[in-house]
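# Descriptive analysis of the structure
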Amino acid sequence: MKREFAVIGLGRFGGSICYELSKEGMDVLAIDISEEKVNEFKNIASHAVIADTTDEATLKELGINNFDHVIVSIGDNIQASILTTVILTDLGVKKITVKANNDYHGKILDKIGAHHVVHPERDMGKRIAHSIISNNILDYLELSDDHSIVEVKTSDKMIGKSLVDLDIRANYGCNVVAIRQGNDINVSPMADELLQENDILIVIGADHDISKFEKELV
Ligand code: ATP
Ligand code: ATP
Ligand code: CA
């Protein structure tokens, strides 16, 4: 069965979600208070409507609780974002994802029952900062407030050594969960296999342990 999505707020973030979901063949209702924005998405989304989503009656009329997943991406107007989210939770929408502008906004969204709160600017900033620290750090993904996954290319300190030689778990408290060589991904890396140039290690751990690993070994 095809899932139905509604995207509220067609700024850069909401617009990009709307565009990508539509490109993947999903059913998307695009909603914005601005006529100009809605016109922009008329030919991209399945449906595009002008609406002020801080009005409960309007959301009811749109049949918003028939959607499988509603994404709220009202950027700068925190009040409108919070009001919209409260109405969506009150109406019993099954899945609500909301973009937060800052940590406090995020905390409020959590408290009022948003199912998933995202911080795209903050998280993308972190990812880019880590990839700037070293050319060997390819990606950085936050798992929770204090745990992350980092993808690193083998550094000179690693090439020709095994996981046992480097004693990564004992020295850094991190775990190598997989090693990628080209298109092959080995999800149970042998502890005594020698690491090669261009191997990519996928490492999971607490943020402070990953920092130590990045500083000393990458
Ligand atoms: P981004 O940060 O994703 O680039 P942005 O900075 O453009 O977005 P805003 O312009 O603050 O963010 O908001 C995103 C969209 O939300 C805008 O297109 C705006 O018209 C829409 N929007 C604001 N208030 C409402 C509302 N009450 N109902 C529906 N849409 C709204
Ligand atoms: P441990 O009790 O620490 O798990 P072990 O007796 O199971 O060690 P090995 O699995 O041979 O011994 O690994 C020895 C050391 O090599 C580990 O203590 C760890 O530091 C490192 N190591 C092995 N596999 C990994 C891995 N996947 N990620 C990070 N470090 C590893
Ligand atoms: Ca913005």
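Relevant structure appears above.
Presented here is a report on the structure given in the accompanying data block. Since the model is a prediction, treat every value here as computed from it, not as a measurement.

Cut-offs used in this document
Residues numbered from 1 in each chain as written. Chains lettered and ligands numbered in written order. Predicted model: local features only at pLDDT ≥ 70, side-chain atom pairs only at ≥ 80, totals over all residues. Pairing = 2+ DSSP bridges. Helix = DSSP H or I, 4+ residues; strand = E, 2+ residues; numbered from the N terminus. Axes fitted to C-alpha atoms, helices over the stretch in contact; angles between N-to-C directions. Contact = placed C-beta atoms within 7 Å. Near = placed C-beta within 6 Å. Nonpolar A, V, L, I, M, F, W, Y, C, P; charged D, E, K, R; others polar.

Further remarks concern the sheet that holds strand E3 (residues 47-50). Ordered in space as E3-E2-E1-E4-E5-E6, the six strands form an open sheet in which the pairing is parallel. If you trace the sheet from one side to the other, it starts and ends with E3 and strand E6 (116-118), each paired once. Neighbour to neighbour, the strand axes of the sheet diverge by 15° on average, direction disregarded. Examined bridge by bridge, strand E4 (residues 69-72) and strand E5 (residues 96-99) share three bridges and lie parallel to one another. For valine 72, the partnering residue across the bridge sits in E5 and is valine 98. Contacts from helix H1 (residues 12-23) reach strand E1 (4-8), strand E2 (27-32), E4 and E5, with the element oriented near 160° to E1.

What surrounds ligand 2 is the set Leu163, Val164, Asp167, Ile168, Arg169, Ala170, Asn175, Val176, Pro189 and Ala191. Contributions of two or more residues to the shell around ligand 2 are made by helix H7 (163-166), helix H8 (168-172) and strand E9 (175-181). The element contributing the most residues to the shell around ligand 2 is H8, with three residues. Across the shell around ligand 2, the residue classes tally to seven nonpolar, one polar and two charged.

What is shown is where atoms sit, not what they do.
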